[in-house]
Amino acid sequence: MSNIQAQGTPQSESLTTPTVALKLEVAVLPVADVDRAKRFYDGLGWRLDADFVRKDGSRAVQFTPPGSPCSIHLGETPSFYLVVSDIEMAHAELEKRGVEISEIFHRGEGPGRVSGLDPERRSYASLASFSDPDGNTWLLQEVTTRLPDRVDRNVTSFASPTELAAALRRAAEAHGEHEKRTGGQRDENWPDWYAEYMVREQAGEELPL
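This text gives an overview of the structure that appears in the document.

Criteria and thresholds
Residues numbered from 1 in each chain as written. Predicted model: local features only at pLDDT ≥ 70, side-chain atom pairs only at ≥ 80, totals over all residues. Heavy atoms only, no water. Phe/Tyr/Trp six-rings, centres within 6.5 Å; stacked < 30°, edge-to-face > 60°. Helix = DSSP H or I, 4+ residues; strand = E, 2+ residues; numbered from the N terminus. Buried < 20%, exposed > 50% of the residue type's maximum accessible area, 1.4 Å probe, protein only.

**Brief notes about the packing of aromatic side chains**
Moving on, step 1. Overall, the coordinates contain six aromatic pairs when judged by the stated rule.
Moving on, step 2. Plain terms: the ring middles of tyrosine 41 and phenylalanine 63 are 6.1 Å apart, the flat faces sit at 40 degrees to each other, and that makes the pair tilted. A residue pair is termed long-range when its members are at least 10 positions apart, and tyrosine 41 in helix α1 (residues 34–43) and phenylalanine 63 in strand β4 (residues 59–64) qualify at 22 residues. In terms of burial, tyrosine 41 and phenylalanine 63 fall into one category: buried.
Moving on, step 3. Aromatic pair tryptophan 190 and tyrosine 194: ring centres 5.0 Å apart, planes at 70 degrees, arrangement edge-to-face. Of this pair, tryptophan 190 and tyrosine 194 both sit in helix α4 (residues 190–203), four residues apart, which is roughly one turn of the helix.
Moving on, step 4. The class of tyrosine 194 is buried, set by a relative accessible area of 16%.
Moving on, step 5. What links up through ring pairs into an aromatic cluster is the set Phe40, Tyr41, Trp46 and Phe63.

Have a look at this one:
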């Protein structure tokens, strides 16, 4: 099983250090011809993570350079994705820091944005955006469960105690359902179950039953 790393911060820094990790995970590159760009990056040996048409009709193509924690999207408008484990908490923290950030939204069936969190709180579905003084666009995207093959299973890491605690709460809720299915008996090996659940969740693999 892989090591689980929690990178904390000294208590003296807690007032100035963000409590929610903002992971730079995707840069959107503007391209004139998606298929031509796809052939180019495929020729570089970069991993093709996705190529599909969204519900709004737009095409999503994502590549990841070998060994890189950050991927690229082939698109029209340059922007950068910051992955967060709790978008409401991240949104509130940025507002406190004086950032003019959009409301939280999700993508509906049509081309436009739909106000509010994704009703099912699905990974990758809830977003918010803001821009810096030079017009660079940043998108917050809430991700709690990874799609398959998007992360290295050999390293399970949490960038803050808040993020680790959220993962533990999800594991605890899932383990409660697990104990119900086993007749309500206490599971003496719950630490192993928690660890396996957290590793699989972050790696986007099938979760333990």
